[in-house]
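Given next are the chains, with one letter for each unit.
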Amino acid sequence: MTELKTFNRTEIPNWCPGCGNFGIIAGVKKTLAELDFKPENTVLVSGVGCFAKLPYWVKVNGFVGLHGRSLPVAQGIKLANQKLNIIAFGGDGDGYGEGGNHFIHACRRNINLAYFVHNNGVFGLTTGQYSPASEKGRKSKSSPLGSTEKPVNSLALAISAGATFVARSYAGNLKEMVEIMKKAILHNGFAFVDIIQPCVTFNPQHAFDYYNEKVYYLDDKHDPKNKLQALEKSSEWEKEEKFACGIFYQE
Amino acid sequence: MIPNNDLDINQNSYVIRIGGEAGWGIASAADIIAKLFMKLNHHLFSSKEYMSQIKKGHNFHTIRISKQQVHADLNKIDLLLALDQTTLDTHQNLVSDKGIILHDDKVKINIEQSKKINLIQIPLTKIEEKLKEKNIHNAVYLGSLTKVLGIDYALLRKIIKERFVGKEKLASKLLLAAKEGYDAVNKIQDFPHQEENQDSKIISDFLDGNEAITKGALKAGLTFHVQYPMTPVSGILHYLAKEAIKNKNLTVVQPEDEIAGINFALGASYAGKRAMTATAGGGFALMVESLGLAGVAEIPLVLIEGQRPGPGTGLPTKTEQGDLKFVLSAGVGDFPKIVIAPTTIEECYTETKRAFYLAEKYQTLAIILVDKHLVESVKTFNLADLEKDFTFDYEKRINIINQVDPSKLNSDGLFKRYEKDETQRTIPGTENGMYTCAGDEHDSVGEITEDRDIRNQMMQKRMNKLNLIKKELPVPKLIGPEDADLTIVSWGSNHGAIIEAMELLNSENKINQKVNFLSIKYMAPFQENEIKEILEKAKQLILIENNYSAQLACLIREKTGINIENQILRSDGRTFTVDDVYNQIKQKQKQT
Ligand SMILES: Cc1ncc(C[n+]2csc(CCOP(=O)(O)OP(=O)(O)O)c2C)c(N)n1
Ligand code: SF4
Ligand SMILES: [Mg+2]
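All figures in this text were calculated on a predicted structure; none of them were measured in a lab.

Conventions adopted
- Residues numbered from 1 in each chain as written.
- Chains lettered and ligands numbered in written order.
- Predicted model: local features only at pLDDT ≥ 70, side-chain atom pairs only at ≥ 80, totals over all residues.
- Heavy atoms only, no water.
- Axes fitted to C-alpha atoms, helices over the stretch in contact; angles between N-to-C directions.
- Helix = DSSP H or I, 4+ residues; strand = E, 2+ residues; numbered from the N terminus.
- Parallel < 35°, antiparallel > 145°, perpendicular 65-115°, else oblique.
- Left-handed = near helix turned anticlockwise from the far one by under 90°.
- Contact = heavy atoms within 4.5 Å.
- Nonpolar A, V, L, I, M, F, W, Y, C, P; charged D, E, K, R; others polar.
- Salt bridge = Lys/Arg side-chain N within 4 Å of Asp/Glu carboxyl O.
- Polar contact = N/O pair within 3.5 Å; in protein donor to acceptor, adjacent residues only side chain to side chain.
- Pairing = 2+ DSSP bridges.
- Donors = N, O, S within 2.8 Å, 3.2 Å for Na, K, Ca; no water.
- Buried < 20%, exposed > 50% of the residue type's maximum accessible area, 1.4 Å probe, protein only.

Caption draft 1: Just the packing of helix α5 (residues 153-163) of chain B against helix α6 (residues 168-184) of chain B, in detail. All names here are of chain B. Packing of α5 against α6 brings their axes to within 10 Å, and their N-to-C directions diverge by 160°. Taken together, α5 and α6 sit at an angle that is classed as roughly antiparallel. Note that α5 runs across α6; the crossing there is right-handed. From α5, Y153, L156, R157, I160 and K161 reach across to α6, where they touch A171, L174, L175, A178, K179 and Y182. Taken together, the residues of the contact of α5 with α6 sort by class into 8 nonpolar, no polar and 3 charged.

Here's what the structure looks like:
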C-alpha cells in the first residue's frame with residue numbers, strides 16, 4: 001500500500017471549518033493509498049466551485065479547468081492515455097447545471113473513469129444561491145421567495161442515460177465512502193457517485209446532524225443488477241426524507 | 001478579356017459548370033469531370049455552391065481547367081451542364097459567346113437568339129425509357145460532355161470504373177447511361193492537349209482546403225481530433241474519421257457539443273497528444289471560455305475556424321470573412337493567441353503544420369482561420385513541392401520532458417512547470433513530473449494563488465510568448481511589381497482572384513496603372529512594423545474583403561494607425577471572382 005502521506009501537500013485547504021469537503025479529500029487520499037496508486041499515474045480533474053479546489057491539495061497530477069467542464073477534460077485525458085487512473089469531480093451546480101449535458105453523454109459513452117459529485121445542495125463558492133439539487137421552496141439570495149424548481153434526481157438520470165455504475169455516498173462516513181470510492185474506481189467503465197457533502201455555511205439546515213439521521217445503507221435486499229429496482233430506489237428520497245447510500249446500479 | 005471560348009487553354013482556361021437539384025449526384029459528376037481533365041494533364045480549380053437542404057434546391061459546381069495552375073473562379077462559363085430548369089435559367093446568361101449549353105428535353109428553352117451559343121439537347125426521356133432507369137441524368141450528361149468535347153469515351157469509362165471499385169453493379173448501370181449520352185450528341189470541338197497523364201507526379205494532388213488541413217495536421221503528427229459537425233469544416237471530421245480506421249495512432253471523437261469538444265482536446269493535449277478541433281463561427285462562440293483555459297494553463301491546441309456568413313445561422317453553406325474581429329478578441333482576459341489565416345489551399349497545408357509547431361513549442365492556442373470558399377474549393381497541386389515551405393522535426397516532441405531534474409521540484413516534490421524561465425512541461429505519468437494544470441491564476445507548481453507579484457510575473461511570462469512567436473513568422477512581402485501605383489490589401493481566400501486579376505491588369509501595360517498586392521496572413525501576433533512600412537511606401541491603397549465592416553481594415557488601423565478608406569467589400573455570401581476584382585479595380589482607377 002502506498003503511504004497516505006505520499007499524497008499530502010503543505011498547502012492547507014481553505015474550505016470553511018467543518019465543511020464536508022474535508023471528509024471527501026480525506027476519503028480520496030485514503031482510497032488512492034489503499035488502491036496502491038502511484039501519484040504520477042493518477043489525475044484528479046475538476047471544474048469550478050468550492051469542491052473544485054480539491055486537486056490543489058492532493059499530491060498527484062491535477063487539472064482544474066472551467067465551471068462544469070471536468071468531464072470532457074477527463075474523458076480526453078483517458079482517451080489519450082488509458083493507463084492513467086482518473087477521477088473527475090463535479091459540484092451540484094457545476095456538474096448538474098453548467099455541465100449537465102456532459103454528464104448525460106459521459107454516462108452513455110461509458111469511458112473508464114470515476115466521477116464524484118460533491119452535492120451540497122447549493123452554489124457554495126458564489127455564496128449560497130439555490131442549485132439544481134436544492135429542494136423546492138429553498139430560500140436563498142437568488143430565490144428570496146423560495147425556489148419553484150424540483151431538484152434533479154441525478155441517480156435516476158445517470159441510470160437512464162446508460163451509466164454502468166451509479167452510487168450515493170456520504171461525506172460524514174469515511175469508511176463507507178472509501179469503500180464506494182474504491183469500487184467506483186475499480187469499475188470498468190464510467191462510475192458515478194453522488195456524494196452528500198454538507199455545506200455548513202450556506203446550507204446549515206442540511207448539515208451533518210441532519211444527514212447522520214437520514215442516511216442509511218443499502219443491504220443485500222437491494223440488487224444492483226436490477227435496473228428497475230435501482231430506478232425505484234433512486235426516487236425514494238423524493239417521497240420520504242431518507243437517503244440510501246451504496247451502489248444503486250452496476251452492470 | 002477573361003471569357004475565352006477559343007479553347008486556347010495555353011493562354012487561359014476553360015470553365016465548365018454543372019448544376020441541378022441536391023441529391024442528383026452533381027458532386028460526384030463534378031468530381032468525375034475533374035478526374036477526366038486531370039488525367040488529360042490539366043490543372044484545375046473547382047468550387048461549389050449549394051443550399052442548406054438535402055434534396056431539391058439548386059446546387060452547382062464550377063470546374064476551371066487550364067494548362068497552368070489556376071486559383072479562383074471566373075464569371076463566364078464555357079460549357080454549362082444544365083440538369084434542370086433552374087440551372088438553365090440562372091446561368092445561361094453567363095455562358096460565353098460560342099459557348100455550349102447541354103440540356104435535356106425536360107426543360108423549356110428561352111434564350112436570346114442573338115447569342116451565338118451551341119445549344120445541345122440530350123433526349124433524356126428516351127434514354128430513361130430505353131434503359132428503364134430514372135436518376136441517371138448525371139451519367140448521361142457525363143457521356144454527352146465527353147462526346148461534345150471530343151474526348152475519348154474509353155477515358156470516361158476508365159474513370160467511372162476506378163471510382164466505383166467494389167460497386168460494379170452501379171458502375172455498369174452508370175456506364176450504360178453514359179454511353180447513351182455519348183451516342184446521343186455530336187462532337188462540337190476537339191479539346192486540345194489531350195495527352196493522357198502517365199506520370200502521376202505531374203499533377204499529383206487534387207485537394208480541397210479541408211483535406212489540405214488534415215494532411216498538414218497528420219504530417220505534423222496529429223494524434224487526437226475532436227469535432228462537432230458544422231459546415232464548412234465537417235469535411236475535416238469526415239477525412240479524419242476515415243483515416244483513423246487504419247491509423248492506430250489517431251483518435252477521433254464526435255462530442256456532444258463544441259464546449260465538450262474543445263475540453264476533450266485540451267484534456268488530450270495535456271495528457272500528451274497532438275490535438276486539434278475544428279468548427280465554424282457558431283461552434284467557436286461556444287468554445288470561447290475554453291480558449292482562455294488553453295492560455296492560462298498553457299496547453300497547446302490547434303483550432304480550425306471555418307467562417308461562413310452570420311449572424312446567427314446566417315447563410316450556413318455560403319462564404320464570408322466575417323469572424324476576423326471575433327476570433328481575434330475571443331476569450332476572457334489577455335492571453336497569447338496565434339491566429340493564422342491561410343490564403344490558398346496550399347497554405348492550408350503549410351500553415352496547419354506551422355500552427356502545430358508553434359502551439360506545441362509555446363504551449364498555447366493556435367487558430368487557423370479559413371472560410372468556406374477556401375476549405376470547400378478544390379485545386380490541383382503537388383503536395384510534395386510544398387514540403388520545403390515549412391518543416392520541423394515532426395517526430396520529436398517540443399518542450400516535453402520525461403525526466404525532471406530535482407532542482408526543478410518544490411519542497412513538496414512538485415514540478416515547477418510554470419516557473420518564470422521554465423519552457424518545458426511534463427505529461428501525466430512522468431515520475432517527479434506532477435503539477436496542477438490550472439485554470440485559476442497559479443504559482444510555479446500550479447497552486448491557486450491571488451498574490452499580486454506572482455500574478456504580474458505570470459502575465460508577463462505568458463504574454464511574452466507573442467514576442468517570441470513573432471520572431472518565428474515569415475515576414476510579409478508584396479506580391480507583384482515593387483513600384484506599383486496601387487497596392488491591394490487583402491486576406492484569406494480572396495488571394496487567388498486578386499493575383500490573377502493583378503496579373504491581367506499589369507499585362508495591359510498601362511502607364512501609371514501598375515498594381516501590386518499585400519496578402520496578410522498572420523493576424524496575431526500581428527507584424528505591425530513590417531506591415532506599416534509596406535503600407536507607408538505604397539502610393540495608393542485599396543482594401544478587398546468579404547465582410548460588411550472591413551474587419552481587416554479595422555485591425556490595420558488599430559495596429560498601424562493607417563486608415564485604408566478605399567474599400568471593395570461584399571457580404572452577399574459569394575466569393576470574389578477574377579472578373580469582379582479586375583472590373584472593380586479598373587473602375588476605381590478610372591475614378592482617380
Ligand atoms: C461559466 C461560469 N459561470 C459562473 C461561474 C461562477 N460560479 C463559480 S462556482 C459556481 C457555483 C458553484 O456551485 P457548485 O458547483 O455546486 O460548487 P460548490 O461551490 O457548491 O462546491 C458558480 C456559479 C463560473 N466560475 N463560471
Ligand atoms: S461554503 Fe460550504 S461548501 Fe464552500 S467551503 Fe464553506 S462549507 Fe464548504
Ligand atoms: Mg454545490
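Caption draft 2: The interface of chain B and chain A, seen in detail. Taken together, the contact between chain B and chain A spans 40 residues of the former and 33 residues of the latter. Run the count over chain B and chain A and you get 2 salt bridges. Here R9 of chain A and E447 of chain B are joined by a salt bridge, their closest N and O atoms 2.8 Å apart. Scanning the region where chain B abuts chain A turns up 14 residue pairs in polar contact (both at pLDDT 80 or more). Elements with a minimum of two residues in the side of chain B that touches chain A: β9 (251-253), α9 (258-270), α10 (281-297) and β15 (436-438) of chain B. Here the side of chain B that touches chain A gets 8 residues from one element, more than from any other, and that element is α9 of chain B. The residue inventory of the side of chain B that touches chain A, partitioned by class, reads 20 nonpolar, 12 polar and 8 charged. By the bridge criterion, 3 bridges tie strand β2 (residues 61-64) of chain A to β15 of chain B in an arrangement that is parallel. Within the sheet, the bridge partner assigned to G62 of chain A lies in β15 of chain B and is T436 of chain B.

Caption draft 3: Layout of the coordination of the magnesium ion (ligand 3). All names here are of chain A. Donor atoms from the polypeptide that coordinate the magnesium ion (ligand 3) comprise D92 (OD), N120 (OD1) and V122 (O), at 2.0 to 2.2 Å from the metal. Every donor residue of the magnesium ion (ligand 3) comes from the same chain, spaced as D-x27-N-x1-V. On the criterion of sequence distance, the pair formed by D92 in helix α3 (residues 92-98) and V122 in strand β5 (residues 122-123) is long-range, its members being 30 residues apart. The same class applies to D92 and to V122, which are both buried.

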